[in-house]
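Descriptive analysis of the structure
Listed below are the residues making up each chain.
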Amino acid sequence: MTSVPRTNKSKTKIAAPSVPERAQRLALFGPPPLIEGEDAAAYDQLLARIFAAVKPVDVIDEMFTADIVSLEWEVLRLRRLKWSLIRARGLGALEDFLDENLEYDLYSEAFADELAEALQDNLPEYPAEDARTLAREVARHKPGAADKVNEMLAGTSLDTDDILDAARASKVKELVQEYVRREPDTVTLISDLFTRAGVSIDGLTADALAEKLDDIERIDRLTTIAEGRRNASLHEIERRRAILGETLRRGVQEIEDAEFEVIETTPAQGKNVA
């Protein structure tokens, strides 16, 4: 006898609310607390993960969940702000250090290029090749070359010192960006400069932050306040569910006790009738 294969009935699964649905439900409590430049996708991901963890069961839970999402986003924002402040002060200190300690050979070519460009821009009748030659002579400190250029630029707002400062500043910014990207040659170069000067990036950053400690302390205080409010909302959800659970347990117990009483009293009633 050939057995008929049984067909497995697929169970119906209820899909969890999507991010747009969650956002729609939370729209009652206001728009997402995003400021210019913040990542809306990251906020949606945070919203989805907190909803999945909390699993709000009613509008009261959703109200507390909205607070939790908003406050956690505020905590993350404040932490980014603190990190950005420390990073900016550290990089600013590094720029100042390089501006004072950068060797001329590292930006002399840039100086020559910028000087040649300035000559061509301000003296279009001057041959380009001659401008480049003269600029290289100034960069190599050929006697009289700088004076000649200053005379040629006398009718403008520029002189060789201004262009030299601009070339050094440009090279400094370039090195700082390469240092941030951890390019090996630049890291080695700056490390050597640190060693010769007897300093470190941590020391430079600490000195630069000395005048910003009050700002950092205020950011930390605001972060602590936001974390406390977030934790309070989580506690309220837990408290509500504990009370609900206890109420349900009492209700179930009362139902069970009532049923037990009916079972016990019914036979006795039957005997009395008899």
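Residues numbered from 1 in each chain as written. Predicted model: local features only at pLDDT ≥ 70, side-chain atom pairs only at ≥ 80, totals over all residues. Heavy atoms only, no water.

1. Some words on the overall build of the protein chain
Each helix and strand in the protein chain was counted, giving 10 helices and zero strands. Secondary structure of the protein chain in N-to-C order comes out as α-α-α-α-α-α-α-α-α-α. In the protein chain, buried positions account for 28% of the 274 residues. When contacts within the protein chain are restricted to residue pairs at least 6 apart in sequence, long-range pairs at least 24 apart make up 71% of them. (Helix = DSSP H or I, 4+ residues; strand = E, 2+ residues; numbered from the N terminus. Buried < 20%, exposed > 50% of the residue type's maximum accessible area, 1.4 Å probe, protein only. Contact = heavy atoms within 4.5 Å.)

2. Description of the confidence of the model for the protein chain
Summarising the model, the protein chain shows a mean pLDDT of 83, and 82% of its residues fall at 70 or more. Mean pLDDT across the secondary structure elements of the protein chain bottoms out at helix α1 (residues 19–26), with 60, and peaks at helix α8 (residues 184–197), with 95. Below a pLDDT of 50 lies the segment residues 1–17, which in the model reaches four contacts outside its immediate sequence neighbourhood of four places, other chains included. (pLDDT = per-residue confidence, 0-100.)

3. Considering the side chain of Asp-61
Considering the arrangement of structural elements, one finds Asp-61 in helix α3 (residues 59–101). Excluding residues within four positions of it along the chain, Asp-61 makes contact with Lys-55, Pro-56, Ile-237, Arg-240 and Arg-241.

4. Considering unusual backbone geometry
One non-glycine residue, His-141, lies in positive phi territory at about 60°. By secondary structure assignment, the location of His-141 is in the loop between α5 (128–139) and α6 (145–152). Residue classification places His-141 among the exposed positions, given a relative accessible area of 59%. Not every positive phi belongs to a glycine, and Arg-182 is a case in point at roughly 60°. Following the sequence through the fold, Arg-182 ends up in the loop between α7 (160–180) and α8. In this structure Arg-182 comes out as partly exposed when scored by relative accessible area, which is 48%.

5. Comments concerning the nonpolar core
Leu-94, Leu-98, Phe-111, Leu-115, Leu-119, Val-149 and Phe-194 are the most contacted members of the largest nonpolar core, which totals 35 residues. At the level of secondary structure, the elements contributing two or more residues to this core comprise α3, α4 (108–122), α5, α6, α7, α8 and α9 (201–209). In terms of residue count, the dominant contributor to this core is α7 (seven residues). When sequence neighbours within four positions are dropped, the list of residues in contact with Val-149 reads Leu-115, Leu-119, Leu-134, Val-138 and Thr-160. (Core = buried A, V, L, I, M, F, W, Y, C linked by side-chain atoms within 4.5 Å.)

6. Description of the packing of α4 against α5
Remark: α4 packs on α5, axes separated minimally by 8 Å, with the N-to-C direction vectors making an angle of 140°. In terms of orientation, α4 and α5 fall into the oblique class. Taken as a pair, α4 and α5 cross one another with a handedness that is right-handed. The residues of α5 that touch α4, namely those facing Ser-108, Phe-111, Ala-112, Leu-115, Ala-116, Leu-119 and Gln-120, are Ala-128, Ala-131, Arg-132, Leu-134, Ala-135, Arg-136, Val-138 and Ala-139. (Axes fitted to C-alpha atoms, helices over the stretch in contact; angles between N-to-C directions. Parallel < 35°, antiparallel > 145°, perpendicular 65-115°, else oblique. Left-handed = near helix turned anticlockwise from the far one by under 90°.)

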